[in-house]
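# Geometric and topological summary
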Amino acid sequence: MKGFAADCRGFPKSECIAYYLVTTRGDEVRVYNTMDSLRQALGTIDRAEEAALLAFAAGNNVCSPTEFPPAVGVNPDEGFTILVQHGHDCGPGTWSARKPVRVSSSGEVVEYEPIIVKYGDSGCYPGRRPVGLQEARAEGHGDARGAWFANAARLEAASIHAFLRLREELALHGAGQALQDAALASAEDEVRHAEVTTRLARRFGAEPPLPSVASVPLRSLREVLLDNAVEGCVRETYSALLAHHQALHAEDAEIREAMARIAEDETRHAGLSWDIDAWAAPRLSEEERSALREARRQALAVLRAEMAVPLDARLSTEAGLPSPAVALTLLDSLEQELWA
């Protein structure tokens, strides 16, 4: 049965996901799988959640794991306008934007031109990003190798903040000392990673910017776990896979040796992410566990889009980065683990 909001972002066509709304009343089960049937079920749109559902059913990404709930404004003539995520910002020529989607009180959905909020970097580097990380660009005129390692160095340095904050939040929410100590040890690992990748960036003519991280209050357990699902269970686990691939395939000896050391550390960091997920699971409702699974699924879709960007040839050969086809194969293996 065909559903609304077919989602193929980053997936092969054979694996597109379709969504339905299912309601039950006593023994009666009803399925709404078209926009018209959904409008009929909702009636007058007088709640932001109803408008967000219709915007989603029309094919808009209103459930980004890093920006939820979406920004919603009330229209003067009734209905709502929602700012949804659009595009991605990994690779040359890419950009991310916010697209206004207007939902009238009668359920009509009108989409407007997206507003670009960020242009893509020349290379992408997965890993745990701290909440509040500000944008910055590398200095100097290095080639693609310099730009990639400069971005890597900035994000490795930012990960120091991420793990120190994680340690605080784990303590706040009653996690055991072992998890707290592992977060602190991970921060210490990231100091070394930042030093190594900075040295490589400078070798290729680029100067990494220092990360700027805005000060924000400690988060609720739900927010910490959603962040861990995206930044840890998905992005950091893939970062470990990527580092192992570079350690095996980089033709440049210095890069190969550096990534071999980083791969070992990143594997432990990924393990910490899953240990946190396992620690929290008994404390969560089934609905909350489902939200974490959905956050991981969406983060994986984002990674698929990022890794599909063609690479400079020197990044593939000298730095050992996987081609888009190989990267998607690595993500397939990660997906199997995520759904295991």
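Structural notes, computed from the coordinates. All figures in this text were calculated on a predicted structure; none of them were measured in a lab.

Where helix α5 (residues 221-249) contacts helix α6 (residues 253-280), the two axes come as close as 7 Å, and the packing angle between them is 150 degrees. As summarised for this structure, α5 and α6 are arranged roughly antiparallel, according to the angle between their axes. In terms of crossing hand, the pair formed by α5 and α6 is left-handed. Taken together, the residues of the contact of α5 with α6 sort by class into 15 nonpolar, nine polar and four charged.

Turning our eyes to something else, we now look at the side chain of Arg 128. Checked against the element boundaries, Arg 128 lands in the loop between β9 (115-119) and β10 (139-140). A polar contact is formed between the side chain of Arg 128 and the side chain of Glu 236, at a distance of 3.2 Å. Setting aside its immediate chain neighbours within four residues, Arg 128 contacts Ser 159, Ala 162, Phe 163, Leu 166, Asp 227, Asn 228, Glu 231, Gly 232, Glu 236 and Ser 273.

For the rest of this paragraph, the subject is a nonpolar patch on the surface. A cluster of nonpolar side chains, contributed by Tyr 20, Val 22, Val 29 and Val 31, occupies part of the molecular surface with about 340 Å² of accessible area. Along the chain, the position of Val 29 falls in strand β4 (residues 28-32).

With that settled, the discussion passes to helix α4 (residues 177-203). The terminal C-alpha atoms of α4 lie 40 Å apart, and with 27 residues this matches the ideal 39 Å at 1.5 Å per residue to within 8%. Of the residues flanking the end of α4, it is Gly 205, one or two places downstream, whose phi is positive at about 90 degrees.

Our focus in this paragraph is the pairing of strand β3 (residues 21-25). The side chains of a regular strand alternate, first on one face of the sheet and then on the other. Bridge analysis of β3 against β4 gives five bridges, and the strand direction is antiparallel. Bridging from a neighbouring strand, Val 22 pairs with Val 31 of β4.

Moving on to the packing of aromatic side chains. Within the structure shown, the criterion is met by two aromatic pairs. Measuring from ring centre to ring centre gives 5.0 Å for Trp 148 and Phe 149, while their planes differ by 85 degrees; the resulting arrangement is edge-to-face. Look at Phe 149 and Phe 204: their rings are 6.4 Å apart centre to centre, the planes differ by 20 degrees, and that puts the pair in the stacked class. In this pair, Phe 149 is assigned in helix α3 (residues 144-172) and Phe 204 in the loop between α4 and β11 (206-207), connecting sequence segments 55 residues apart. Ring-pair connections join several aromatic residues into one group, and the members of that group are Trp 148, Phe 149 and Phe 204.

Here we come to the environment of Leu 166. Following the sequence through the fold, Leu 166 ends up in helix α3. Here the alpha-carbon distance between Leu 166 and Val 224, two residues 58 residues apart in the chain, equals 7.9 Å. The contacts of Leu 166, once residues within four sequence positions are left out, are Arg 128, Ala 183, Val 224, Leu 272 and Ile 276.

Two elements in contact, α4 and α6, have axes whose closest approach is 10 Å; the angle formed by their N-to-C orientations is 155 degrees. Overall, the two elements α4 and α6 adopt an arrangement that is roughly antiparallel. For the element pair α4 and α6, the recorded crossing hand is left-handed. Taken together, the residues of the contact of α4 with α6 sort by class into eleven nonpolar, four polar and eleven charged.

If you look at the biggest cluster of nonpolar residues, it comprises 54 residues, and the most contacted ones within it are Trp 148, Phe 149, Leu 166, Leu 170, Tyr 238, Ile 255 and Ile 276. For this core, the secondary-structure elements that each account for two or more residues are α3, α4, α5, α6, α7 (286-307) and α9 (324-338). Among the elements that take part in this core, α5 stands out by supplying ten residues, more than any other. Setting aside residues up to four positions removed in sequence, Phe 149 forms contacts with Thr 197, Leu 200, Ala 201, Phe 204, Ile 255 and Ala 319. If you look at the next biggest cluster of nonpolar residues, it comprises 14 residues, including Met 35, Leu 38, Ala 55 and Val 103.

Calculation rules
- Residues numbered from 1 in each chain as written.
- Predicted model: local features only at pLDDT ≥ 70, side-chain atom pairs only at ≥ 80, totals over all residues.
- Heavy atoms only, no water.
- Axes fitted to C-alpha atoms, helices over the stretch in contact; angles between N-to-C directions.
- Helix = DSSP H or I, 4+ residues; strand = E, 2+ residues; numbered from the N terminus.
- Parallel < 35°, antiparallel > 145°, perpendicular 65-115°, else oblique.
- Left-handed = near helix turned anticlockwise from the far one by under 90°.
- Nonpolar A, V, L, I, M, F, W, Y, C, P; charged D, E, K, R; others polar.
- Polar contact = N/O pair within 3.5 Å; in protein donor to acceptor, adjacent residues only side chain to side chain.
- Contact = heavy atoms within 4.5 Å.
- Patch = residues over 30% accessible without salt bridge, like charges linked within 9 Å, V, L, I, M, F, W, Y side chains within 5 Å.
- Areas by Shrake-Rupley, 256 points an atom, 1.4 Å probe, with all protein chains shown as cover.
- Salt bridge = Lys/Arg side-chain N within 4 Å of Asp/Glu carboxyl O.
- Expected span 1.5 Å × (residues − 1).
- Pairing = 2+ DSSP bridges.
- Phe/Tyr/Trp six-rings, centres within 6.5 Å; stacked < 30°, edge-to-face > 60°.
- Core = buried A, V, L, I, M, F, W, Y, C linked by side-chain atoms within 4.5 Å.
- Buried < 20%, exposed > 50% of the residue type's maximum accessible area, 1.4 Å probe, protein only.

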